[in-house]
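Structure at a glance
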Amino acid sequence: MSGMKRKHVTLSLNEKLAVLQRLDKGESLQKIAKELNVGVPTIKDWRKNRKDIESYTVTIDGENALKKRKTLKKPKLELLDNALWMWFCQQRRKGTPISGPIIKEKAIALHKKLEAESEFAASEGWIDRWKTCHGVRFVSISGEKLSADAEAAKNFSVKFQEIVEEYELLPCQVFNIDETGLNYKMLPNKTLASSNDTVAGTKLIKDRLTIAPCSNADGTHKLPLFVIGKSKKPRAFKNINLSSLPVYYRSQKSAWMDSNLFKSWFIDEFIPSVEKYLKQKNLPVRALFLLDNAPSHPSEEELVKEDIKAIFLPPNVTSLIQPMDQGVIK
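In this report, the structure presented in the accompanying data block is examined. This structure is a prediction, so every number in the text was calculated from the model and none was measured.

Overview of the overall build of the chain
Assigned secondary structure in the chain consists of 11 helices and 9 strands. Scored against the burial criterion, the 330 residues of the chain give a buried share of 35%. At a minimum sequence separation of 6, the contacts of the chain that also span at least 24 residues come to 60%. Roughly 22,000 Å² of accessible area belongs to the chain as shown, and the carbon and sulfur atoms make up 52% of that amount.

Description of the nonpolar core
Ranked by size, the top nonpolar core spans 27 residues in total, and within it Trp 265, Phe 270 and Phe 289 carry the most contacts. When contributions to this core are tallied by element, the ones reaching two or more residues are strand 1 (174–177), strand 5 (226–229), helix 10 (259–280), strand 7 (287–291) and strand 9 (308–312). In terms of residue count, the dominant contributor to this core is helix 10 (9 residues). In contact with Phe 289, not counting residues within four places along its chain, are Phe 175, Ile 177, Cys 214, Phe 262, Trp 265, Phe 266, Phe 270, Lys 309, Ala 310 and Ile 311. Of all hydrophobic cores here, the second largest spans 17 residues; its members include Leu 77, Ile 98, Ile 103 and Ala 122.

Topic: the pairing of strand 3 (residues 209–212)
Successive residues of a regular strand alternate their side chains across the two faces of the sheet. Examined bridge by bridge, strand 2 (residues 180–182) and strand 3 share 3 bridges and lie antiparallel to one another. Residue Leu 182 lies in a different strand from strand 3, and its bridge partner there is Leu 209.

A few points about unusual backbone geometry
The residue Ala 122 is not glycine, and still its phi comes out positive at about 50°. Checked against the element boundaries, Ala 122 lands in the loop between helix 7 (100–114) and helix 8 (124–134). Accessibility expressed as a relative area gives 1% for Ala 122, which makes it buried.

So, the packing of helix 2 (residues 29–36) against helix 3 (residues 40–48)
Running from N to C, helix 2 and helix 3 point in directions that differ by 110°, and their axes come no closer than 9 Å. Judged by the inter-axis angle, helix 2 sits roughly perpendicular to helix 3. Our pair here, helix 2 against helix 3, has a crossing hand that is right-handed. Taken together, the residues of helix 3 that come into contact with helix 2 (itself represented by Leu 29, Gln 30, Ile 32 and Ala 33) are Val 40, Ile 43, Lys 44 and Arg 47. Residue classes in the contact of helix 2 with helix 3 are distributed as 5 nonpolar, 1 polar and 2 charged.

Rules used in this analysis
- Residues numbered from 1 in each chain as written.
- Predicted model: local features only at pLDDT ≥ 70, side-chain atom pairs only at ≥ 80, totals over all residues.
- Heavy atoms only, no water.
- Helix = DSSP H or I, 4+ residues; strand = E, 2+ residues; numbered from the N terminus.
- Buried < 20%, exposed > 50% of the residue type's maximum accessible area, 1.4 Å probe, protein only.
- Contact = heavy atoms within 4.5 Å.
- Areas by Shrake-Rupley, 256 points an atom, 1.4 Å probe, with all protein chains shown as cover.
- Core = buried A, V, L, I, M, F, W, Y, C linked by side-chain atoms within 4.5 Å.
- Pairing = 2+ DSSP bridges.
- Axes fitted to C-alpha atoms, helices over the stretch in contact; angles between N-to-C directions.
- Parallel < 35°, antiparallel > 145°, perpendicular 65-115°, else oblique.
- Left-handed = near helix turned anticlockwise from the far one by under 90°.
- Nonpolar A, V, L, I, M, F, W, Y, C, P; charged D, E, K, R; others polar.

This is the structure in C-alpha cells:
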C-alpha cells in the first residue's frame, strides 16, 4: 500500500501559520506531515517562505479571509481590487447595506477610472473571488448597533460605575429588565426543499406576547418572566389560577407594555422579591434597578422604595450596554 498516491491537500494561510508555530514549539516535520496528509517537502517550503507568508497575512483584512485564502498570489487587477475593498469598508462603517449587484456596479465604475485600458466585465466569477479573498459573506441585518451612540454609552458606563461604588453595591444588588415581542405562531421564513419542490409562502401570523426578563447582574436572582397577553383570561388557562403560573401574567388589549402595568409589577412583584432575596443573603436592602427610557416605563421618581432605586439608560445605547440586550433575551 506504500505506493498509493496521496490525496492532494491544500491548506489555508491560517493553517500554514499554525504549522509554523508548531515547528517553533519543536514538533517534528514527519509528525505534522502525517497528521495533515501533506508531504515533508511541502512543509519545508512553508518554512523556507515563512517571511512571505507572515508578511502577506498581515495585509489580509479579517479572520474569515485568512481562513479561506490558500495562496500568496495577488489579483491581476490589484489596484482595482484594493480600491473596491476600501470603498466597501467605508460603506459598511456607515451602515450602508451592500449587495452583489451594487459591488459589481461599483467595480465597473472604479475600473473605468483606474485601469480603463484593460477589458473588465465584473463577472460573477470575479466578484466571487473578490469576496472570498476579503472574507466578505452575505448576512442578515439585525440589531440596532449601527445607530447606537457609542460616546454616550461610554460616558454612562463611567457614571454607572461611580454610582455602584458610591452605594457599595455588589453585582447581586444590580438588576436589569427589558421587554421583547414573542410572535409565538409565526413560522420560519426559511426551509429546506428538494430540487423539484415549489416553495410557496404563507401569510405571517402575527399573534404576539410581550415578555420581559429581569435578573440581577450575577444571575443569582431571576424573577419570573413578566408576560403580557391580549386576553385577561386566555382560553388555554380556563381552569387554571393565573397566579399559579410560573410567570407574572397580565393583559392589555394590544399586548404591549404600558406604564400602569410596569408600575404595578414594580410594586407588587419586583420590590417584594428583591427585599426577600437580599434579606436571605444577609445584605442591606439596597439595590439599583437599571432600565431603558421607553415611553412605557414610569419615571425614576415613581420607581423608588427607600434604598431601592431606578436609573435610566440614555437614548440610543441599549444595544451596546443594556445587559439583557447582550444575548440574554435571545
